[in-house]
Each structure stands twice: as C-alpha cells, then as structure tokens.
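Listed below are the residues making up each chain.
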Amino acid sequence: MSFFGLDCRKKKEKEEERHLRANDREFNLTFQYATNAIKTSKYNLLTFLPMNLFEQFQRIANAYFLFLLILQLIPEISSLSWFTTVVPLMLVLTATAAKDAIEDFNRHKSDSQVNNRQVKVLMDGQLKSEKWRNVQVGDIIKLENNQFVTADLLLLSSSEPLSLVYIETAELDGETNLKVKQSLTVSGDMGDDIETLAAFNGEVRCEPPNNRLDKFTGTLMFKEQKYSLDNDKILLRGCTLRNTEWCFGLVIFAGPETKLMQNCGKTTFKRTSIDRLMNVLVLWIFGFLALMCIILAIGNGIWEYQKGFYFQVFLPWPESVPNSAFSAFLTFWSYVIILNTVVPISLYVSVEIIRLGNSFYIDWDRKMYYPRSDTPAEARTTTLNEELGQIKYIFSDKTGTLTQNIMTFNMCSINGKSYGEVLDFAGQRMEITERTPKVDFSFNRLADPKFVFHDHSLVEAVKLEILEVHAFFRLLSLCHTVMPEEKEEGELLYQAQSPDEGALVTAARNFGFVFRSRTPESITVVEMGETKTYELLAILDFNNVRKRMSVIVRCPEGKLSLYCKGADTIIYERLHPACKTLKDVTTEHLDEFAGEGLRTLVLAYKDLEEGYFEDWRARHHAASTALEEREEKLDELYEEIEKNLQLLGATAIEDKLQDGVPQTIEQLAKADIKMWVLTGDKQETAVNIGYACNMLREEMNEVFIISANTAEDVREELRNARRKIKPETIEAEPIFEVKQPKNKSAVLPEDTVEGEYGLVINGHSLAYGLEKSMEVEFLRTACMCKTVICCRVTPLQKAQVVQLVKKYKKAITLAIGDGANDVSMIKGKRATVSMDGMRETAHIGVGISGQEGMQAVLSSDFSFAQFRYLQRLLLVHGRWSYIRMCKFLNYFFYKNFTFTLVHFWYGFFCGFSAQTVYDEWYITLYNLVYTSLPVLGMSLFDQDVSDRWSLEYPKLYQPGQLNMYFNIGSFIKCLLHSIYSSLILFFIPYGAMYDTMRDDGKDLADYQSFALLAQTCLLIAVSIQLGLDTAYWTSVNQLFMWGSLAIYFAITLTMYSNGMYLIFTASFPFIGTARNSLNQPNVWLTILLTTILCVLPVVAYRFSRTELRPTINDKVRYKVSQSKHAPPPQATRTRIRRTSSRRSGYAFSHAQGYGDLITSSRYLRKNMATFSPRSKTNAKQPGTVLKTYRAVKDTVVDKTL
C-alpha cells in the first residue's frame, strides 16, 4: 500500500520469470506486478514539507546555518541577535521550496494526463472503458486505429487478414515508417468474438521486465499446447496503431515495468561542474573559517590570561566561565557566529535566481522560436544554464535531429542529360530558394500537391513524349514494393518499405506515371492519363548482398521487359558494352549528385525474348521449390537474367536536412566542439548525412570505416587507424594503461593531431569497442578524429558511448535527440549493464520537438524545434550564462570575504572579545539588501559582447571549455584580493579615526563612529568593484547600483535617528552617529582614499593584462569598440558545387524486401470472399485490400533500432 506517497509495501524479490494468466486478475495479483500507473512526481500535499526540508538540509550550507541558529540561542556564546540568521535562512528555504513545488506540480499534471487516458478493457465478459492507470497485467484490452499502445501487449488478434497490425514506432526507435506485427494463428482465429476472448485463459511465461526493445522471449500455454513467443508478436507501450481498425492484446508488462519506461529509467539529479567546485570550495571555506576562529580563540585565551584578569572590576567573567581556557572555548563558537558570512547563505538563493533568470531568456528568445509548429525554446531545468557555456562533446541523433526525416526527389540523369538544376538566361546555375518558381503539375489530376520540383525542362521532356524519359519514369512506377491506399478518389497514399522508395514512386506519379494499384499478378499505372495494367511475372527482390531489385513485366502490348534499379557499382557491372559512353556521362552526373550529399540510384532495363523467359521461368520455379541450396540457385538465376542491361539514367534523393544544419555544425566546430553522431540508421545513410552536414568532407585526410565482426579485428582496425593518424602513439606505447583510483575516473590525455580525420563505426563493431578491454583503444582513436559517426547503435549503446567519454575525458557533454531511443543518453538511468554502476547520461540533454513524438523533449533539460537553434543556445545563452555565473561567484566571494576579514582584524584590537565591527542591522542587511540587487543586475544583464558578435566569433566560447573564468586559481586570487581590501578597509579608517576630533572640537573617535565609517567604506568599495566587473550597463544596473547606495544611506540615517532609539532603545543603540559623522570632511576624505586604494591594484592589473597578454575576449571587445556597426546577420551561404566519387550505393532499407509476399496469393485463399478486388465496397479503397500484401515473414520485419 502507499502511505502519504511513500511505498510501504514489502520489497518485492527480484523477478526471474514472468508468469501470468489471461483474464485472471486474482491469480496475477499474487505476483504483485506493477499496475499501469506511472509516477514521476516526488511529493504530495502531506509529504512535501517534511521531505523538502529534509532534502534542503542535506545541503551542507543550510545545515550549517541551522547549526548557527542553535548556537545563537545559547546566551554564553551568542554575539549576534537571532534575526541575523533566521531571516536569510527562511528566505532561502522558502524560495527553494516554492521552486520545487512548481516543478513537482508540473510533473503531477503530466502523470495525471497519461494515467487518465481511456482504453477498452475486457472485464466480466464485456468491454468496459477504463483509465490507463487501472489496467493490470493479464487484462485483455482493445486498441483502435491511431491509438497509443497502453502497455506492453501480446498481440492476440486484429481486424487485418492474417492477424497483422501496422504500428508506428517513432517513440521507440526513431523510425517513422510502419512496422508489421503478427499474432499467433491460435489467438488470431478468435478475431473480435468477445465471448471467445473472455474465455481465453492462456498462460504466458516470459522474461522479466527489461529495457531491450529488440528482443522478447516467452511461451504461451493454451489448450495443453505450447507456442513460442518472440518480439514480432509484442506491441510495446509508446507505439501507435496505424492503418488497423482494431486489435486485441494481452497485457504482459504494465506501467513502470514496460520496456519504454525501463529505458527512461529514473531521472538523475544533474549538477554542474561549478556546483561541484563550489562544494569543494565550501569545504575549504569551512577550514578557513575554523582556522580564523582558532587563531582568535587562542588570542582570547592569551589576552584573558595576561590582561583580562586586571579588568575583572570592569569586565567580570560570568559565573559559568571558570578560567581563560574555557573563555577561549566559548569565544571560538562566538566567532563562528560572527564570521559565518564567509559562507554566505544568500549565495545559494542568488545562484537559483540567476539561473532562473537566464532560463527565462531562453524561453523568451524569439530567434529560437519556430513559427511553423508554434514551438518556442524551453529551458526545462534551471540548474544547468552555465554548463551550456562549457560543452566540449555533442552526441547527436541523426533521423529527425539533423534531418527532417523527409526524402525528396531532387535531381536525376536521363539518357545523359541532368535535370533538377535551375539556370538563368546566361546558363549559370541559380540557387534554389522559396521564391524560385515551382513546376506546375496541374496537367496531372493525380499529382501529389506536396511534391515540389523546380526544373521545368523535365516536365517539358515528359510532355514531348521523349521515349527515354517515359521509360525512366515507367521504371520508377513499376520497379518497387510500395503499397498504395486510396481512401478517396484520386487521394493516393503510398506505404513504402523505406522513405526512399516512397519518394521515387511519388516523383513518377507527379511526372505523369501514377502507380495506382497492384495485385499479386499485376500492376496498374496511369501513364499520362491513360490507365495501363502490366502483368507482373516476377520480382527479383532486394537484399543486402544484391543491392538491387528487378521486376519482370509484360506490357499491355505484349512485350516482355526487365526493369532494374540499384547501386551504381552493381548496375554498371551488368550493363551492355554499348552503354559505355552513356555510362561515362552518367558517372559524371553521379559524382555531382554525390558532391551535393544526395543518395543516388542507377536505373536500367532489358527487353526479354518470350522463349528464353519461359525457360528461365521454369528453372526459377524449380529453384524456388528446391529443398537444398535454394538461395544459391536463385542468386545464379538472378545473375543470369540481369545481364546486358540498357542504362536509362540515375536518380538523386535528398534526405532533407533541417534548415541551417551545415552552418550550425561549422560554427560549433570553430568553437572547438566535437560532434559525434549516434544513430540507429544504416551506415550508408549516416555517412551521406555526414557529408551533407559538412561533418565529413572530401578534404579530410581519411575517413576510417570500422566494420569488423570479431574483437581482435576491431582492435586491429582501430590501431591501424591510429597508426595512420599519429604513428608515434602506437610505437611509443607498449600498452596504454589507465590507472583508475577508487571512486574516481582517470583522465585520458589529449593527443595533438595534424590534419583532419573521420571515423565511422557500426553497431556490432561498437559493441566490441565498448568492452572493458578495448574501450580505451576505441576512445583514443575516436578522440583523434574530427568527426565520429556510430551507426546501427541501440539506445543502450548510445548511453554507453556518452558514459565512456564522461569516464575518461574531463569534458562537459551534451546529448541531443528527438525520439524515445535517445532518452537514455539525454536523461540518464541506471541499467543492469551500465559501466561501473555509473549513470549513463550526458551532462546536458537537449530534446528536439520533431516528428518522432515528445518522449525526448519530456526527458530533456532544454528543448526546441530545430537543430540550428543549438548554436544560439550554446554560443550565446550558454556563454553568457557561464560568464555571468563566474563573475557573480568571483564578486560574491570577494565582497563577503572582505566583509568578514574586517571582523578578523578588528579582533586583535578588541581584546578578542567577539565584538562585531559593524552594526547588527548592517550585518543583517548587507547581503539581503545593500549588495544583493546590484550583483543580481550584473549576473542577469551583463554581456561582454552582443549575440551577433558571439556568433561571429565562435572562439569566444573556448574559455568556458577550459573553465578559465572560475576555478581554484581564480578563487585564490579572489581570497588574496579580499585580504588586501580588508586590510585597507580596516586600517585606513582606524588610522583616520584614531584620536580624531570633529571640526567643532568634539571627540569623533568612538566605536560607533568607527563602525559607521568602516561599513560605509566597505559598501562603496565593493560597489565600485562591481562597476569595474560590469561590461554592459543598462538602466536596471544603474538603478540597482545607485538605488542600493541610496537605500543604505536612507536606512542608516533612519535607524540611527532619535526616533528609532526612543521607540526601540535596545535594538537601535547608534543614536545620532550618522548625522554626527557624515557631516565631517575628513570622513568623506577617508572614504575616498580607502576606495581608491582598494580599486587601484585591480585597474592596474587589468590594464596591464589587456595591453601585454590580451585574451580572445579582450581582442574581440576591442574590435567591437572600434566597429561602428554590428556584424551583419549570418547569410545563408550557397553550397559549394563539388564532385565526389563517394556516393550512396542504394536507397533501400537494409531488410529483405517484400517481393516474395507481393507475388504470393496465400492471403487471398483466406479472405477471398471479404476482400475480392471486384467487390463494390472496395472499389474505391484498393489500399484496404492491398495492405494485406504487407504480411511479412520473420526475416522481413525491419528491426532497426
């Protein structure tokens, strides 16, 4: 049971095997399986206050001030009033609690929205609508088209033939093309018969909950028969049902035990490097505080022993103090109270305010707003802003992050002529923009209105009925495995095995060759308005070895033709010798296409003789039914017939990048940020995108491909790559060993490399590279490369790569993605296979709200709609946040150390009596009122240079990566500066006030006048220091600066007035001090002298440094000061035209094609009556019938991660 939000149940033993029975809640409840409710919130109304206070007092500073408060309640050692600690402590606790409450309230809203979704559950023999949270393991639920899958389900039956369902898995693996799942025959026969489903009592035994998205093992026992279960029969939570009217499923895993939630894991509390440094410095400060208190306590003991005895008449010891040693002990604790400001409690609440303000800047930035989807940038956490200015490694997903996941038909080569470019009247190539005129496809009523093409000459060639052009598009309309769906007359929807095929068929459709429908024996195409039906005689399907596919058709005129498309290297080997000249021209075009980063494909055809084909067909039938060596025999026949082909041309498909991606990556590279792409996509596609994004370039010295299948081969390939990059790293090392002390990661040294290199490694090779024995070898080689691309990686491998870099590199990492498969590297989780039990997460996670759902966004620290906004997030907001936070910390420590050390020097002149040098109200208000707003103004509004200059000079980002602005060295400098200032601020006023008289002859040298002078000098000196630190003045800064000084004098004159003394005599003893001191010229002269002496060394040091050793920041600021205008906005540059011998060999999925099922009619035998092509109910919906062709065998389902 749950008590006040705390789980009070007996801890469940680790599950070794899941055992459940359908429709039997009583049986399943005995195993205490999780319900389908998810909970990401931390508190409720009753637990918020105690839990939040407990968490806050785990912060060492809060606990310290609570301890001080307790000390102040002890009269013998209390040297300050209780309110000096209670007021700031309550302010800090209240502000932090309010922030935590708001964040947890939002989590409650999100949980409630998901848990209260409705789904139909089979209960008591009928379907009832239930909330998701009430669904339990063993329930049978009904899903309908376009519904989210409620939990991890065993598919029982569906509305589709052969009990198929079509699901979209974008939330899981980033793939937007549909996947096919199929139930067991024994359960599929139940259909939607409620009585049969209610009587179903099958028992499932399967693996326990885990995070493996691509694997499931289990068995179903039903009617004394055991059936094997695998991943093809499981629907995972996070998927969406598509093109399927309904389906029924049995809940296997629910709520937090689903594979989606297991991959999300628990949120890690991320701390910045500055947070970690501050924790170390706070411990140092505690040691410094203890040292000062010990020195002063020893001084008190000596003074009391040597001189205090003679003051017994005037200053008698309390009865509780028997001797000078005990007096020293009490004095130690009294000084702990007085000097507590050396650990300022307002530091933490100020840091939270600064981070919150900088987060609002990200939320409000119009330049990071995407109007098409009405999506602004969002800072989903307020604790990581300054770390955005220190990123060294970026780990990016590809699909949907760098690309739009949209394939477009951009260019083509037909019979030696290239199409797709737009030329001006002089024949010069023009850049295509949104204003470029588009081709008018109004002549074709079946054209796709979303298709865009700009080269009008290709349409003219089609209209002129040029034979080669018609043959080109005829091939595209026939040679494929696309499935059409026509819900309304003329509204065609293509379901393709890969987005590339869909783009090619759509191109043919718009240019007048419309693929309309298909049966196992025919393909119907509307050619230039005329409907033609081609007899489909054979499909020579694609696979990963062939890298091509062919179809053999008989045209309406009776001619036999073979149409083939595939990788250029494969097709070229099979061309007729007469095509040599055309091949050379086409190769030039292919090089140009590849230079543009396009995915290329070559098209060819061949006319067949009737007699030869009949003989080949008979041999093909014999080979396809052979019991032995079937695949080899078929391959031989395919090789035989796919010879002496006639070249038609080539296509060029663009995996459309998001706007500004190449420019963004170039800017980040100039900022010395290394980019790693971790994608579940195939190697060919990822490499293409790498070239298109300018991550990989032809100018690179070499791009290494790591694709070995054994550990030793992978190691050898990595070492060979490193040998080419920097041979001495191989020769000089026997074996590189990293010594790693307990609980602390070793740091791998940086290797200086001449030249630029790229590294591409696939998933199975990466698995070896991540092994303990090889991880250092892999990381050293990868870090020598400018760009690293990891292909075919699982979500877990993404997290492991991120963790590997975090483990051995002293660098800040950022992970960016848009799908649920990116959550593990964005959000972080504990996994059973995690390395050293460490959390597998980047320091910062960024989610892109794209086409793959919102899972990555919900798990991210920052989110926006387009990858190009990343450069502004890092180079502008991140850099500003880092500089502001560093300036704030340096100044804050300075002003508080200076404030506190004046107390320390005063102790030597007051008999170490723990008397304060300042008024108690000044001590209370110093951090809360007098100095809080000016430093917040600087920390919220300061800019060293504007956003445009920040983007113009990305090298300004590098000091953050090196942590130059706030580190242990800068802290020590701050401490030394504070010691110097405190000496000036104590001894100059002390000397000036010593034996001093007013101009009217009265005595001025009293304690209260000295206290007023010292605190006034301090406030003015630290205010001027703040002015020197401020680079960008606004009206708000001016108001805060001068307003705080005005408030100080106003409060001082008020509190030191006669009226306040008469009303609160004990609380305001400084009667008349302000008006008697501040009207003396020598007091103001002392203030001026003290201030000049405090700031003079700072001005001299900064001037000398700027002149002799200017930093990149100094140089740019000088250039900005000399420039009369801001830099122009970054122009969208024209892509440089280039050629390349490297190109995508094919544009297919890596899975086996659907050809064998398309030509199979076995589905018709089962559904002939219902799905007859001649049925009137299906006349306008051929897609409903043809969806059944998508039934896929185990080897066909794309299991891509």
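By the naming in an unreviewed UniProt entry, the protein goes by Phospholipid-transporting ATPase and is assigned to Huso huso. Quoted verbatim from the Sequence similarities (unreviewed entry) heading of the UniProt record, the comment on the protein is "Belongs to the cation transport ATPase (P-type) (TC 3.A.3) family. Type IV subfamily." As its UniProt record puts it under Subcellular location (unreviewed entry), the protein is described as follows: "Membrane".

Visitor: Would you mind showing me how to read the overall build of the protein here?
Guide: When its secondary structure is counted, the protein shows 42 helices and 37 strands. Every one of the 1201 residues in the protein was classed for burial, and the buried ones make up 56%. Expressed as a percentage of contacts within the protein between residues at least 6 apart in sequence, the contacts between residues at least 24 apart total 76%.

Visitor: Can you help me understand the pattern of salt bridges in this one?
Guide: A side chain with one charge may pair with a side chain of the opposite charge, provided their charged atoms come close. All chains considered together, the criterion is met by 44 salt bridges. As a salt-bridge pair, Arg872 and Asp365 come within 2.5 Å of each other at their nearest N and O atoms. In this pair, Arg872 is assigned in helix α28 (residues 869-907) and Asp365 in the loop between α11 (346-364) and β16 (378-379), connecting sequence segments 507 residues apart. For Glu639, the salt bridge identified is with Arg548, shortest N-O distance 3.1 Å. With Glu639 in helix α18 (residues 630-641) and Arg548 in strand β27 (residues 548-554), this residue pair connects regions lying 91 residues apart in the sequence. Look at Glu639 and you get partly exposed, because its relative accessible area is 31%. What you see here is one network of salt bridges that share partners, running through Arg548, Glu573, Arg574, Glu639 and Glu642.

Visitor: What should I look at first to understand the sheet that holds strand β15 (residues 246-253) in this one?
Guide: Note on sheets: strands pair through backbone hydrogen bonds, and any given pair is parallel or antiparallel. Strand order in the open sheet made by the six strands is β5-β4-β6-β15-β7-β13, with antiparallel pairing throughout. For this open sheet the edge positions go to β5 (126-131) and β13 (234-235), each flanked by a neighbour on one side alone. Of the strand pairs in this sheet, strand β6 (residues 140-144) and β15 are connected by five bridges, and their pairing is antiparallel. When the sheet's bridge partners are listed, Leu143 is paired in β15 with Cys247.

Visitor: How do you make sense of the sheet that holds strand β3 (residues 18-21) when you look at a structure like this?
Guide: The four strands are arranged β3-β10-β11-β12 in an open sheet whose pairing can be described as antiparallel. Where the open sheet ends on each side, the last strands, each with one partner, are β3 and β12 (225-229). Taking each pair of neighbouring strands and ignoring which way they run, the sheet shows an average axis angle of 20°. With four bridges joining them, strand β10 (residues 203-206) and strand β11 (residues 218-222) adopt antiparallel strand pairing. What sits directly across from Arg205, in β11, is Thr219.

Visitor: Help me out: how do you make sense of the packing of aromatic side chains in this one?
Guide: Two aromatic rings, taken as a pair, are described by how far apart their centres are and by the angle between their planes. As enumerated under the stated definition, the model contains 57 aromatic pairs in all. For the ring pair Tyr393 and Trp676, a centre distance of 6.1 Å and an interplane angle of 85° mean the geometry is edge-to-face. Taken together, the positions of Tyr393 in strand β17 (residues 391-396) and Trp676 in strand β31 (residues 674-678) put the pair 283 residues apart, joining distant regions of the chain. Neither Tyr393 nor Trp676 differs from the other in exposure class; each is buried. One aromatic cluster is present, formed by Phe899, Tyr918, Tyr922, Tyr926, Tyr930, Tyr1048, Phe1049 and Trp1084 through successive ring pairs. The ring of Tyr33 has Arg18 sitting right over it, with the charged end atom 3.8 Å from the ring centre. Here the basic side chain of Lys895 rests over the ring of Phe892, its NZ or CZ set 4.1 Å away from the ring centre.

Visitor: It is not clear to me how the nonpolar core should be interpreted in this structure. Could you clarify?
Guide: Soluble globular proteins: nonpolar side chains tend toward being buried together. Of all hydrophobic cores here, the largest spans 95 residues; its most connected members are Phe888, Leu889, Phe893 and Tyr922. Ranked by residues supplied to this core, first place goes to α28 with 17 residues. Every residue in contact with Tyr922, bar those within four places of it in the chain, is listed here: Phe899, Tyr930, Gln1015, Leu1018, Leu1019 and Tyr1048. In this structure, Leu446, Phe473, Leu504 and Cys555 belong to the second largest nonpolar core, which totals 51 residues.

Visitor: Please explain the pairing of strand β33 (residues 757-761) as it appears in this structure.
Guide: Strand residues, when the strand is regular, have side chains that alternate between the two faces of the sheet. Taking burial as the measure, the five residues of β33 include five buried ones, the bulk of the element. Neither face of β33 is open: one carries Tyr757, Leu759 and Ile761, the other Gly758 and Val760, and all of them are buried. Across five bridges, strand β32 (residues 702-706) lies against β33 in parallel orientation. Each bridged residue has a counterpart across the sheet, and for Val703 the counterpart in β33 is Gly758.

Visitor: How should I be thinking about a nonpolar patch on the surface in this particular structure?
Guide: Where nonpolar side chains cluster on the molecular surface, the patch consists of Ile60, Val280, Leu283, Trp284, Ile968, Ile972 and Leu976 and spans about 610 Å² of accessible area. When contributions to the nonpolar patch are tallied by element, the ones reaching two or more residues are α9 (273-306) and α33 (968-993). Mapped onto the fold, Ile60 is located in helix α3 (residues 60-72). Note on Ile60: relative accessible area 38%, which makes it partly exposed.

Rules and cut-offs
Residues numbered from 1 in each chain as written. Predicted model: local features only at pLDDT ≥ 70, side-chain atom pairs only at ≥ 80, totals over all residues. Heavy atoms only, no water. UniProt positions renumbered as here; feature names shortened; annotations may be inferred. Helix = DSSP H or I, 4+ residues; strand = E, 2+ residues; numbered from the N terminus. Buried < 20%, exposed > 50% of the residue type's maximum accessible area, 1.4 Å probe, protein only. Contact = heavy atoms within 4.5 Å. Salt bridge = Lys/Arg side-chain N within 4 Å of Asp/Glu carboxyl O. Pairing = 2+ DSSP bridges. Axes fitted to C-alpha atoms, helices over the stretch in contact; angles between N-to-C directions. Phe/Tyr/Trp six-rings, centres within 6.5 Å; stacked < 30°, edge-to-face > 60°. Lys NZ or Arg CZ within 6 Å of the ring centre and 35° of its normal. Core = buried A, V, L, I, M, F, W, Y, C linked by side-chain atoms within 4.5 Å. Patch = residues over 30% accessible without salt bridge, like charges linked within 9 Å, V, L, I, M, F, W, Y side chains within 5 Å. Areas by Shrake-Rupley, 256 points an atom, 1.4 Å probe, with all protein chains shown as cover.

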